Amino acid sequence: MSQMLNTGVRWTIHDVELLAENEGTRYEIIDGELFMTRAPHFKHQQTCGKIFRKLDVWSEFTGLGEAVINPGVLFSESDNVIPDVVWATKETLELTLDEAGHLTGAPDLVVEVLSASKEDHRRDKEAKLKLYSSRGVKEYWIADWRSRKLEVYRREQNQLKLVETLFSSDNIISPLLPGFSCTVDQFFPV
């Protein structure tokens, strides 16, 4: 469940550093708008883990990149997010990983797992989609464990566009991930 703090103020990473540390609270800034997210549903976390595991095993086999759960992505002072899962080529990581362990540029693939609230849906399907599109993410997956579907957005003409909606028995493949393939159902808990 997320909550947006809309006070007319444009938030930056420096403002967030001044907020009290609250166990289980995640702060994200998108276009100067602050979002606070509490610890997600157990099945949300299971979905993140399953997607990560599939990408991680494939990455280890191919040696083409790395998958990570909940990395900090610092695009700018007013665009600072924590995606559920990302995958990046080794080249992308060399260019964007800073000394503090944060990505400072677009990972190649970003995965967000939907939470239940309308605010979370708006954040992932509108605000983050625009952000990832404008910052150069090549592919964006939105996973919904409740309806067991996966929306796949790919970069077309400098913009992320919805190219397919996949359901449980559908196979996910990607030109970004040569040889990667699994059924969408394998991303979701029983």
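Going by the structure above, here's the rest.
Reading guide: rules and limits
Residues numbered from 1 in each chain as written. Predicted model: local features only at pLDDT ≥ 70, side-chain atom pairs only at ≥ 80, totals over all residues. Heavy atoms only, no water. Pairing = 2+ DSSP bridges. Helix = DSSP H or I, 4+ residues; strand = E, 2+ residues; numbered from the N terminus. Buried < 20%, exposed > 50% of the residue type's maximum accessible area, 1.4 Å probe, protein only. Core = buried A, V, L, I, M, F, W, Y, C linked by side-chain atoms within 4.5 Å. Contact = heavy atoms within 4.5 Å.

**Quick word on the pairing of strand β5 (residues 73-76)**
For a regular strand, the rule is simple: side chains alternate between the two faces of the sheet.
And step 1. Relative to strand β6 (residues 79-81), β5 runs antiparallel, the two sharing 3 bridges. When the bridges of β6 are listed, L74 appears paired with N80.
And step 2. Between β5 and β6, which pair antiparallel one after the other, the connecting turn spans 2 residues.

**A look at unusual backbone geometry**
And step 1. With phi around 55°, R148 is a residue other than glycine that occupies positive phi space.
And step 2. Secondary-structure assignment places R148 in the loop between β9 (139-144) and β10 (149-156).
And step 3. We classify R148 as partly exposed; its relative accessible area is 23%.
And step 4. A positive phi angle, close to 60°, is found at N158, a residue other than glycine.

**With respect to the nonpolar core**
And step 1. In terms of nonpolar packing, the biggest core is built from 24 residues, with L55, W141, I172, L177, F180 and F187 touching the most fellow members.
And step 2. Secondary structure elements with two or more residues in this core: α2 (42-62), β7 (85-89), β8 (109-113), β9 and β10.
And step 3. If one sorts the elements of this core by residue count, α2 sits on top with 4 residues.
And step 4. Sequence-distant contacts of L177, that is, excluding residues within four places in its chain, are made with L55, W58, W87, L109 and W141.

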